[in-house]
Amino acid sequence: MVFLDLIEKKRDGGELSAAEIDEMIGLYVGDDIADYQMSSFLMAVMWRGLTNAETATLTWSMAESGARFDFSSLMEPKVDKHSTGGVGDKVSLLLAPLAAACGCIVPMISGRGLGHTGGTLDKLESIPGFRVDLGHDEFRKQLEAIGVAMGSQTKELVPADRKLYELRSLTATIPETGLITASILSKKIAEGTESLVLDVKTGSGAFMQRLDDARQLADRLHQIAILSGLQCSILITEMDQPLGCTVGNSLEVREAIAVLSGDAERSTDLKELTLELTTEMLVLSGLSESHPHGLRLAQQALDSGKALERLGELIEAQGGNPRIIDNIGLLPQSPHTTVVTAPYEGWVACIDARLIGAATVALGAGRTQRSDSLDPAAGIELHAKCGQWVSRDEPWATLYHGPGADLGRATMKLKAALSISPDKPAAIHLVKERRP
């Protein structure tokens, strides 16, 4: 194969054959295609797109590019959840132990944050001692023991995705729906899941800011998941403001523990979405006969403390300190805090999630490139959200930061994110649509 011919074919609007895609992925993983050539191909895909047939083949070729987990000997249903990324989205920290407490096997391979969005692995690694680099045998034994494992993508698991995503992040070729679909689903196929609930975010803090773009991605994900043999359920959910009250790694762990402990007074949106997505998992996996029944099962596991107990087991199994469940002071703490107050009174009409994410990055809690180091304790706590009244000079956010923070930039972004109105805004509906 002459790879230049494939670049030209895609550039001119042609459709690649399954054999061409499969050979291309094999050569790229084997370092026989240079990054500069693959960058040209990815940009051609950005302009011309991928057909469903191309996307399905690319998904399978990437899934087969390395080792695959096989958990077929485990009798319970294997089901996972994936979010397309947002600000303050710590749902996985609650959902994985909650779904396991309800009888699911949850083999969750997660990612790291990049840009304004956070990553589940970074949140988990803010727990002292927590390990995310689990091998296949460790992963299996943990699933057998407690029904849930949350790890990183190993070198052996979908190496094609690891190489391609790194290149896409450096060449502005992230947003194409076919590439996003193949990246997400190839990892889920390789991790051994049977059913998948997808949370496609839309709004200012999402990669798909327009609802129509989120619909397009959701429909592509559903089509390719079905073609790949995965049962699939998709929700399009709101990401115009941060989810929950905290943004930042250890702060989000703290909030997740609070919700699982029954202290959800200030995190009602986080609790609501976690229960909704867990219910979808229970219905899709056959553990529940209907949505109302699944919601009752999830609520019972939450209220009884079983989900919190399972989180403690998960933390201990992966080398973390389970005592954080009872003592959040064991989590990393920032040496400095800065309070930001409301400039005048009124209703909070908008808290721009993308600007909040950018402010959090400036504090050291996020990355602009993958080599950046993180401050696990840095972040932002929101004391008011959309639809709430604030008085002039009332604290509405607290910044947590260390010596390396760009406090001026973070404060500027934070202040720009807040919109106050004399009129109360309409209520926000977290779940915008179910697709298809």
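As a starting point, this report considers the structure included with it.

Cut-offs used in this document
Residues numbered from 1 in each chain as written. Predicted model: local features only at pLDDT ≥ 70, side-chain atom pairs only at ≥ 80, totals over all residues. Heavy atoms only, no water. Helix = DSSP H or I, 4+ residues; strand = E, 2+ residues; numbered from the N terminus. Rg over C-alpha atoms; globule rule 2.2 N^0.38 Å. Buried < 20%, exposed > 50% of the residue type's maximum accessible area, 1.4 Å probe, protein only. Contact = heavy atoms within 4.5 Å. Areas by Shrake-Rupley, 256 points an atom, 1.4 Å probe, with all protein chains shown as cover. Lys, Arg positive; Asp, Glu negative; His and termini not counted. Charge placed at Lys NZ, Arg CZ, Asp CG, Glu CD. Expected span 1.5 Å × (residues − 1). Phe/Tyr/Trp six-rings, centres within 6.5 Å; stacked < 30°, edge-to-face > 60°. Lys NZ or Arg CZ within 6 Å of the ring centre and 35° of its normal. Arc of directions from axis to C-beta. Core = buried A, V, L, I, M, F, W, Y, C linked by side-chain atoms within 4.5 Å. Axes fitted to C-alpha atoms, helices over the stretch in contact; angles between N-to-C directions. Parallel < 35°, antiparallel > 145°, perpendicular 65-115°, else oblique. Nonpolar A, V, L, I, M, F, W, Y, C, P; charged D, E, K, R; others polar. Pairing = 2+ DSSP bridges. 1 Å grid on protein atoms, 1.4 Å probe; cavity = no way out; pocket = protein on both sides within 12 Å on 5 of 7 lines; lining within 4 Å. Points joined across faces, edges and corners; volume = space filled by probe spheres on them.

Let's shift gears to the overall build of the chain. Scanning the chain for helices and strands turns up 16 helices and 13 strands. By the compact-globule yardstick of 22 Å for 436 residues, the chain fits well, its C-alpha radius of gyration being 21 Å. Seen through its principal axes, the chain has C-alpha atoms that stretch 65 × 45 × 40 Å. The buried share among the 436 residues of the chain stands at 56%. A separation threshold of at least 6 residues defines the contact pool for the chain, and within that pool the share at least 24 residues apart is 78%. Counting every atom, the chain has about 17,500 Å² of accessible surface; 50% of that belongs to carbon and sulfur. Within the chain, one finds 42 positive and 58 negative side-chain charges whose respective centroids are separated by 2 Å.

Another aspect to go through is helix H10 (residues 211-227). Between the first and last C-alpha of H10 there are 24 Å, a value that for 17 residues agrees with the 24 Å anticipated at 1.5 Å per step. The secondary structure elements touched by the buried residues of H10 are helix H4 (52-63), helix H9 (177-190), strand E4 (195-202), strand E5 (231-238) and strand E13 (431-435). Note on H10: the residue one or two positions beyond its end, Gly229, has a positive phi of about 85°.

Next up on the list: the packing of aromatic side chains. Summed over the entire model, instances satisfying the criterion amount to five aromatic pairs. Where Phe69 meets Phe139, the ring centres are 5.3 Å apart and the plane angle is 45°; that geometry is what we call tilted. Highlighted residues: Phe69 in the loop between H4 and strand E1 (79-83) and Phe139 in helix H7 (residues 136-146), separated in sequence by 70 residues. Its relative accessible area of 9% is what places Phe69 among the buried residues. Ring geometry for Trp347 and Trp389: centres 5.4 Å apart, planes at 80°, overall edge-to-face. A residue pair is termed long-range when its members are at least 10 positions apart, and Trp347 in strand E8 (residues 346-351) and Trp389 in strand E10 (residues 389-390) qualify at 42 residues. Judged by its relative accessible area of 39%, Trp389 is partly exposed. Taken together, the ring pairs in this structure connect Phe69, Phe71 and Phe139 into an aromatic cluster. Its guanidinium or amino end placed over the ring of Tyr28, Lys163 lies 4.1 Å from that ring's centre, counting from NZ or CZ.

Before going further, it helps to examine helix H2 (residues 18-29). Compared with the 16 Å implied by 1.5 Å per residue over twelve residues, the 17 Å span of H2 between its first and last C-alpha is a close match. Residues Ile21, Met24, Ile25 and Tyr28 constitute the buried set of H2. In a view along the axis of H2, the buried residues occupy a sector of 95°, so they form one face of it. The secondary structure elements touched by the buried residues of H2 are helix H1 (3-11), helix H3 (35-48), H4 and helix H8 (159-171).

This part is about the nonpolar core. Residues Val106, Val148, Ile356, Ile380, Trp396 and Leu414 are the most contacted members of the largest nonpolar core, which totals 77 residues. The biggest single contributor to this core is helix H5 (residues 91-101), with eight residues. When residues no more than four places from it in sequence are discounted, the contact partners of Val148 are Ala96, Ala100, Val106, Gln142, Leu143, Arg310 and Leu314. Phe3, Met24, Leu157 and Leu179 belong to the second-largest nonpolar core, a separate cluster that totals 33 residues.

This next bit is on the packing of H2 against H8. Here H2 crosses H8 at 80°, and the two axes come no closer than 9 Å. Comparing the axis directions of H2 and H8 gives the class roughly perpendicular. Facing Ile25, Tyr28 and Val29 of H2, the residues of H8 in contact are Pro159, Ala160, Lys163, Leu164 and Leu167. Grouping the amino acids of the contact of H2 with H8 by side-chain chemistry returns seven nonpolar, no polar and one charged.

This paragraph deals with the sheet that holds strand E9 (residues 379-382). Here four strands make up an open sheet; going across it, the order is E6-E9-E11-E7 and the pairing antiparallel. If you trace the sheet from one side to the other, it starts and ends with strand E6 (246-247) and strand E7 (336-341), each paired once. With four bridges connecting them, E9 and strand E11 (residues 395-401) associate as antiparallel partners. Paired with Leu382 across the bridge in E11 is Ala397. Contacts between helix H15 (residues 353-363) and the sheet are confined to E6, E9 and E11, with E9 contributing the most and set at about 135° to the helix.

Inspection of every chain in the model, using the stated rule, returns three cavities of 30 Å³ or more. Roughly 140 Å³ of volume is contained in the largest cavity. Taken together, 19 residues form the lining of the largest cavity, with Thr117, Gly118, Thr360, Ala365 and Gly366 sitting closest to its centre. When residues of the lining of the largest cavity are traced back to their parent elements, those giving at least two are helix H6 (120-125), helix H11 (249-260) and H15. Per-element tally for the lining of the largest cavity: the top contributor is H15, with three residues. Residues of the lining of the largest cavity, tallied by class, amount to three nonpolar, twelve polar and four charged. Counted as a void, the second largest cavity has a volume near 110 Å³. Taken together, 16 residues line the second largest cavity, and the ones lying closest to its centre are Met24, Phe41, Leu58, Leu164 and Leu179. Of all the secondary structure elements, the ones that give two or more residues to the lining of the second largest cavity are H2, H3, H4, H8 and H9. Residue composition of the lining of the second largest cavity, by class: twelve nonpolar, one polar and three charged.

Here we take up the layout of surface pockets. Taken as a whole, the largest pocket encloses approximately 1,000 Å³ of empty space. If you trace the largest pocket, you find 41 residues lining it, with His82, Ser110, Gly111, Arg112 and Tyr165 closest to the centre. Where the lining of the largest pocket is concerned, the elements lending two or more residues are E1, H5, strand E2 (106-109), H6, H8 and H9. Classifying every residue of the lining of the largest pocket gives twelve nonpolar, 16 polar and 13 charged. In this model, the second largest pocket occupies a volume close to 470 Å³. Taken together, 22 residues line the second largest pocket, and the ones lying closest to its centre are Gln241, Thr268, Asp269, Lys385 and Cys386. For the lining of the second largest pocket, the leading source of residues is helix H12 (residues 268-284), giving three residues.

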